[in-house]
Amino acid sequence: DDAAGSELLRAALDAIGARVSAGSTDVRLPTETMVQLLRLELASRSRGVVDAGRSVAAPAWLQSVVDALAPKLGELSPSMLADLAKALAGSRVELGASLVEALQTAATAQATFLSPQEFGGIAMALAELGVLGREFLEAFDVEAVLARELPLAEVAGVVWPMAVAEVDSPIAWSLAASSIEACRKQFRSLPRREKALLYEALKLRANLEAPWAPGTAAAEICSDAAWHECWLERRSEVAPPSPFGDMVEGHLKELGMDFERGVEGEDGLYGMAFRFPKWNFVLDLLAHAPRHPASNRSRGALVLRHRTWAAAERSVLAVPDTMWEQIGERADVSGLEGAEAVQAARHAHQREWLKAKLLGIRREDLIKETDLQEDTVALLKDVQFGGAGGIGKDALKMLQDEPLLVRQRSAEKFVASIAKQGNIRNATAWLIGIIKKEQVAYAKQQEDEKLKRKQEWAAAVETRPAGGWKHEAGRPFAEAEIGLKVSGKVTNVLKTRVWADIGFVGDGTFKAKEGRFRVGDELLNLQIASVNVEKNVIECKVTMQTRVQRVGSEPNTQNAKAVAHAKSSAKAKARPRPQAPGGAAAAAAAAPGAAKAKARPR
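Bear in mind the structure is a predicted one, so any value in this text is a computation, not a measurement. (Residues numbered from 1 in each chain as written. Predicted model: local features only at pLDDT ≥ 70, side-chain atom pairs only at ≥ 80, totals over all residues. Heavy atoms only, no water.)

Some remarks on the overall build of the protein chain
(1) Moving on: Scanning the protein chain from terminus to terminus reveals 24 helices and twelve strands.
(2) Moving on: Residue burial in the protein chain is summarised as follows: out of 602 residues, 41% are buried.
(3) Moving on: In the protein chain, the share of contacts with a sequence separation of at least 24, taken over all contacts with a separation of at least 6, comes to 69%.
(4) Moving on: Summed over all atoms, the accessible surface of the protein chain reaches about 33000 Å², with 52% contributed by carbon and sulfur. (Helix = DSSP H or I, 4+ residues; strand = E, 2+ residues; numbered from the N terminus. Buried < 20%, exposed > 50% of the residue type's maximum accessible area, 1.4 Å probe, protein only. Contact = heavy atoms within 4.5 Å. Areas by Shrake-Rupley, 256 points an atom, 1.4 Å probe, with all protein chains shown as cover.)

Written out as structure tokens, the structure is:
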């Protein structure tokens, strides 16, 4: 732990690394030796990282050890797996996800051999690394373990990972509550870290599902000030205040945003760096990097916090501290002289970036809240939603409720007016005014089209009968089948639309070249294309087999016979044919002309 010891360890590790890098030692070390070497290197390099939001890259030789170790983790004992998991969770060295994923696979395979303490250590580490899966918990059989008598510290090591992995089994949580109940005498001796973890998990469960029953140990923990104090200590470690808070507050004031700073959430767990009450929105400043360097996954503590806000239907913009410096460096400072001018340019660039992010999220929220159609969103893609000078919820909701034509015209005219007049002081009122004008224009258009349809119908060959076009003796529409061949008489023609009585309670209709059919034409072999029983519409189509007997012309023998045959066939199907006494033979003998046909010479 002292400086001399750290320097000696560093020198030894660098010497080993140099030999591995030089290839003088193939990475065929015993698996446990590689684990010990990895743990020492992670501890040594992480110790030198002062800034909690930063990480360090792994040296090439260490990555070689990691690549050689990952496929061999199944050879490790459960205790060695637990030690490795703990070392990875506390590391600030960037390793990638392969080793962590291999660790979870190996631990899942050995789950039945793990003690509750080993399981808790591995589960806790995987949860902090953001890779804990339910498969590991199920392989360990958490419910069976919680049914046993466990020390309270081991219960905490199981319950917090359950919260991170979103275990929703009522049985598992009920058994956890019973285990805690049986450990009341251990409350005072439980370490503060374990108290904080247990408090967070129980409080989170109560917020997201249902409060614990009054008088139970779980309920008492959630309401106890001393346990809450332990939680606040842990929160200050995993989510410390950002040093950029004052700078961000200045940006928000310059943008004229309505916000609150340093607000405790209604959940009783998490503090909000900035809350926007009108938007139900949280700006979360992250002093720690959101992704764990050893896994490149979102940290478990961060997942719990954001999940709680999402359950309260809050949108979240999470900004790591390291981002602000990167954003400032992107500013165009060419031609600027003096440190103050450069700093002002970077400050302005950070402010505009923040504005764009906040308004972008607000835009998505408004689209979701108003259920605005995609086509309308596309038309307004360059228009600000929400915020000062943006379109508000009332106008967007009104726009969403309008017919397609009104939406399109209103959106297009709004965009055109902005292009012509520039920024509009009250965009919400302006859009509402445009929508109202388009409503009037649309209503007039509908009336004009209705009048036009009436005039067109007046041009039909036949006027509507007093009793309508129904055929009381016809078959119901429900009996019409797509693909069925039908025949009947043309009842009306309007330009390219033809109607025919095809044997149902209402006419069938189809489109044809204007003038091809006349009222009274007999049609054979039309085909039903679609049926809408609710609207009483049968749509037919003309096929290659369709034949017509033209009204007012010389009979077409072939067509006339086909029509007559179709009608007689339909009648024959409708009623059974009577047979003469004596059966089919007698009926044949009784057929007119049968005997003469036999006697007639060729």
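Description of the sheet that holds strand β5 (residues 281-286)
(1) Moving on: Taken in spatial order, the four strands make up an open sheet running β3-β4-β5-β6, and their pairing is mixed. Strands with a single pairing partner mark the edges of an open sheet, and in this sheet they are β3 (260-264) and β6 (315-320). Neighbour to neighbour, the strand axes of the sheet diverge by 35° on average, direction disregarded.
(2) Moving on: Pairing geometry for β3 and strand β4 (residues 271-276), over four bridges, is antiparallel. By the bridge assignment for β4, E264 is matched with G271. (Pairing = 2+ DSSP bridges. Axes fitted to C-alpha atoms, helices over the stretch in contact; angles between N-to-C directions.)

With respect to the nonpolar core
(1) Moving on: F136 and L198 are the most contacted members of the largest nonpolar core, which totals 90 residues.
(2) Moving on: At nine residues, the largest contribution of residues to this core is made by helix α9 (residues 152-164).
(3) Moving on: In this structure, L198 is in contact with L152, A156, V159, I180, L190, I221 and W227, ignoring residues within four places of it in sequence.
(4) Moving on: V248, F274, W353 and L354 belong to the second-largest nonpolar core, a separate cluster that totals 20 residues. (Core = buried A, V, L, I, M, F, W, Y, C linked by side-chain atoms within 4.5 Å.)

Thoughts on the packing of aromatic side chains
(1) Moving on: Summed over the entire model, instances satisfying the criterion amount to nine aromatic pairs.
(2) Moving on: With a centroid separation of 5.4 Å and an interplanar angle of 65°, the aromatic rings of F276 and F281 are classed as edge-to-face. By the burial criterion, F276 is buried, and F281 matches it.
(3) Moving on: Pairwise contacts between aromatic rings join F119, F136 and F140 into one cluster.
(4) Moving on: Over the ring of W227 we find K195; its NZ or CZ atom is 5.4 Å from the centre of that ring.
(5) Moving on: The lysine or arginine in question, R234, covers the ring of W160, its NZ or CZ lying 5.4 Å from the ring centre. (Phe/Tyr/Trp six-rings, centres within 6.5 Å; stacked < 30°, edge-to-face > 60°. Lys NZ or Arg CZ within 6 Å of the ring centre and 35° of its normal.)

Quick look at helix α3 (residues 60-69)
(1) Moving on: W61, L62, V65, V66, A68 and L69 are the residues of α3 that are buried. Projected down its long axis, α3 shows its buried positions confined to an angular sector of 165°, all on one face. (Arc of directions from axis to C-beta.)

Focus: the packing of helix α17 (residues 339-370) against helix α19 (residues 393-400)
(1) Moving on: Packing of α17 against α19 brings their axes to within 9 Å, and their N-to-C directions diverge by 45°. Taken together, α17 and α19 sit at an angle that is classed as oblique. Of the two possible hands of crossing, α17 and α19 adopt the one that is right-handed. Counting all contacts with α17, which are made through L366, E369 and T370, the residues of α19 involved are K393, L396, K397 and Q400.
(2) Moving on: Grouping the constituent residues of the contact of α17 with α19 by class yields two nonpolar, two polar and three charged. (Parallel < 35°, antiparallel > 145°, perpendicular 65-115°, else oblique. Left-handed = near helix turned anticlockwise from the far one by under 90°. Nonpolar A, V, L, I, M, F, W, Y, C, P; charged D, E, K, R; others polar.)

Comments concerning the packing of helix α14 (residues 245-254) against α17
(1) Moving on: It is at 10 Å that the axes of α14 and α17 come closest, and there the two elements cross at 70°. In terms of orientation, α14 lies roughly perpendicular with respect to α17. Residues M247, V248, H251, L252 and E254 of α14 touch α17, and the partners they reach there are H347, Q350, R351, L354 and L358.
(2) Moving on: Class assignment for the residues of the contact of α14 with α17 results in five nonpolar, three polar and two charged.

Focus on unusual backbone geometry
Residues apart from glycine generally show negative phi values, whereas peptide bonds are mostly found in trans.
(1) Moving on: The backbone phi angle of K495 is positive, close to 55°, even though this residue is not glycine.
(2) Moving on: Relative to the helices and strands, K495 resides in the loop between β7 (485-494) and β8 (497-501).

Quick notes on the environment of R39
(1) Moving on: Looking at where R39 falls in the secondary structure, it is placed in helix α2 (residues 31-47).
(2) Moving on: With a relative accessible area of 28%, R39 lands in the partly exposed category.
(3) Moving on: R39 sits 47 residues away from K86 along the chain, and the two C-alpha atoms are 9.3 Å apart.
(4) Moving on: Those residues in contact with R39 that lie beyond four places of it in its chain are D83 and A87.

Quick look at the pairing of strand β11 (residues 537-541)
(1) Moving on: What you see with β11 is a clean split: I538 and C540 sit on the buried side and V537, E539 and K541 on the side with no burial.
(2) Moving on: Taken together, the two bridges between strand β9 (residues 508-511) and β11 define a ladder with parallel strand orientation. Across the sheet, residue T509 finds its bridge partner in β11, namely E539.
(3) Moving on: The antiparallel hairpin formed by strand β10 (residues 522-532) and β11 contains four residues in its connecting segment, where N536 sits at a positive phi of about 55°.

Details of the confidence of the model for the protein chain
(1) Moving on: On average, residues of the protein chain score 86 in pLDDT, and 86% of them are at 70 or above.
(2) Moving on: Note that pLDDT drops below 50 for residues 555-564; the model gives that stretch nine contacts with residues more than four away or on any other chain.
(3) Moving on: Low pLDDT, under 50, characterises residues 569-602; the predicted model gives this stretch seven contacts beyond four residues in sequence or across chains. (pLDDT = per-residue confidence, 0-100.)

A closer look at the pattern of salt bridges
(1) Moving on: This structure, assessed with the given rule, holds 28 salt bridges.
(2) Moving on: The salt bridge involving E369 is made with K393; its shortest N-O contact spans 3.6 Å. Linking E369 in helix α17 with K393 in helix α19, this pair joins segments that are 24 residues apart in sequence.
(3) Moving on: Judged by relative accessible area, E369 falls into the partly exposed class, the value being 39%.
(4) Moving on: D375 serves as the salt-bridge partner of R407, at 3.4 Å between the closest nitrogen and oxygen. Taken as a pair, R407 in helix α20 (residues 404-421) and D375 in helix α18 (residues 374-379) lie far apart in primary sequence, 32 residues in all.
(5) Moving on: Several salt bridges converge on common partners, so that one network encompasses D246, E249, K253 and R261. (Salt bridge = Lys/Arg side-chain N within 4 Å of Asp/Glu carboxyl O.)

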